[in-house]
Every structure is written in C-alpha cells, then in structure tokens.
Amino acid sequence: MTTLDPRMAREYVETEHAALLAAVESCADAVADSWDGPRTTDASAVYDRLAACLDEHGVRDALPGVLAGAVDAAGGSLRAEPVPAPPYVVVTSRGPLLRATLDDGRLVVRINAFRVTDDGAYERADGGVSVAVR
C-alpha cells in the first residue's frame with residue numbers, strides 16, 4: 001500500500017500548471033465582474049458562467065492531464081485514464097474539482113475560485129485562486 005502525499009500533488013499543480021490556474025483566475029474575475037455587486041446568491045450566476053468560460057479557454061479539457069500529473073506527483077497510480085467529465089472532472093460553483101479513485105484511496109484536487117459566505121452568498125475567494133488537495 002502506497003502512502004499518498006497530497007502536498008506533492010498541490011505543489012505539482014501550483015508549479016506545473018500556473019498558466020491553467022491563471023486562466024481559472026481570469027474566468028473567476030470575469031464571472032464576478034458580471035454580478036451587480038461583490039457577491040451573489042444565485043449559484044447559476046457562478047456555475048453556468050464559470051463552466052462556460054473554462055470551456056471557452058480549454059481549461060476543462062486540460063484538467064484530466066492535471067489530475068493524472070497530481071496523482072503521479074502524490075505517489076499514486078490511476079485505475080483508468082481520466083476524462084474531462086464526472087467523476088474525474090466537475091465544475092462546481094466554487095471552482096473545478098478533480099477526483100481520482102486509486103487502489104489505496106482517493107485523491108481530490110479542488111481549485112478554489114469562489115467561497116460561500118455564512119449567509120449562503122458567493123464571493124471571490126480571498127487571495128485569488130487556491131489549490132487544496134486531500
């Protein structure tokens with residue numbers, strides 16, 4: 001049984017895919033700029049626009065390769081080749097979510113572009129886009 005190192009996966013995504021993260025950041029800024037104020041309670045105003053922008057810039061198609069590289073960097077191996085669709089790649093109202101089922105567990109990579117406030121509104125994540133891996 002291999003022990004996965006999520007820190008290595010996060011470092012890999014942040015260093016090897018900085019241009020992709022910048023594209024997610026740009027899309028998130030465009031989405032937030034379309035709102036009437038600094039936040040919205042309309043999840044579709046986040047999700048629909050973010051998904052469309054990511055598709056327009058080819059980000060969703062690139063995400064399976066990011067996932068495969070993250071799994072490799074973490075010390076795991078994929079059971080199957082990921083595709084830019086569920087269950088491997090999902091665009092959520094917070095940002096892209098990448099999931100890999102491995103022989104010894106799961107690796108989940110979340111690219112956070114938005115956060116949900118305590119009152120259920122969406123706003124841009126503090127500090128821009130961030131990567132979380134578990």
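It should be noted that the structure appears before, not after, this text.
Residues take numbers from 1 onward in each chain, read along the sequence in its written order. With pLDDT at 70 or above as the cut-off, local features in this predicted model cover only qualifying residues; side-chain atom pairs require 80 or more to be listed or tallied, and sums for whole chains, interfaces and linings still use all residues. Only heavy atoms go into the side-chain values, all of them from the structure, while hydrogens and water stay out.

Strands are runs of DSSP state E lasting at least two residues, helices are runs of H or I lasting at least four, and both sets are numbered from the N terminus onward. Inspection of the secondary structure assignment puts Thr117 in the loop between strand S5 (114-116) and strand S6 (122-124). For Thr117, a relative accessible area of 9% puts it in the buried group. Contacts are assigned to residue pairs with any non-hydrogen atoms lying within 4.5 Å of each other. When neighbours within four sequence positions are excluded, Thr117 is seen to be in contact with Arg39 and Glu123. Exposure classes here rest on a 1.4 Å probe applied to the protein chains alone. A residue is buried below 20% of its type maximum, exposed above 50%, and partly exposed in between.

To continue, consider the pairing of strand S3 (residues 96-102). Burial within S3 is extensive, with 5 of its 7 residues counted as buried. Strands pair, by our definition, only if DSSP identifies at least two bridges between them. The pairing of strand S2 (residues 89-91) with S3 spans 3 bridges and is classified as antiparallel. Bridging from a neighbouring strand, Val91 pairs with Pro96 of S3. In this structure, the hairpin formed by S2 and S3 is closed by a connection of 4 residues, where Gly95 is found at a positive phi of approximately 145°. Two elements, S3 and strand S4 (residues 105-112), share 6 bridges in a ladder whose sense is antiparallel.

With that settled, consider the sheet that holds S2. Strands sit in the order S2-S3-S4-S7 across an open sheet of 4 strands; the sheet is antiparallel. Strands with a single pairing partner mark the edges of an open sheet, and in this sheet they are S2 and strand S7 (130-133). Within this sheet the neighbouring strands show an average axis-to-axis angle of 15°, counted without direction. Comment: axis = line fitted to C-alpha atoms, over the contacting stretch for helices; angle = value between 0 and 180 degrees taken between N-to-C directions.

What follows covers the pattern of salt bridges. A side chain with one charge can pair with a side chain of the opposite charge if their charged atoms come near. Salt-bridge detection follows one rule: a side-chain nitrogen of Lys or Arg within 4 Å of a carboxyl oxygen of Asp or Glu. Enumeration according to the criterion identifies 8 salt bridges in this entry. Where Arg10 meets Glu14, a salt bridge forms, and the shortest distance between an N and an O atom there is 3.4 Å. With Arg10 and Glu14 both in helix H1 (residues 6-16) and 4 residues apart, this pair spans about one turn of that helix. On the basis of relative accessible area, Glu14 is assigned to the partly exposed category, the value being 35%. The shortest N-O distance in the salt bridge between Arg60 and Asp55 comes to 2.7 Å. Owing to a relative accessible area of 18%, Arg60 belongs among the buried residues under this scheme.

You can see Val83 is positioned in the loop between helix H4 (59-74) and S2. Judged by relative accessible area, Val83 falls into the partly exposed class, the value being 39%. For the pair Val83 and Leu63, spaced 20 residues apart in sequence, the C-alpha to C-alpha distance is 8.3 Å. Apart from the residues within four sequence positions on either side, Val83 is in contact with Pro64, Tyr88 and Val89.

Before going further, it helps to examine the sheet that holds S5. In spatial order, the strands read S1-S6-S5; together these 3 strands make up an open sheet with antiparallel pairing. Each edge of the open sheet carries a strand with a single partner, namely strand S1 (39-40) and S5. With 3 bridges connecting them, S5 and S6 associate as antiparallel partners. What sits directly across from Val116, in S6, is Tyr122. Lying over the sheet, helix H2 (residues 18-33) contacts S5 and S6, oriented at roughly 130° with respect to S6.

Purely spatial values, then, with no claim about function.
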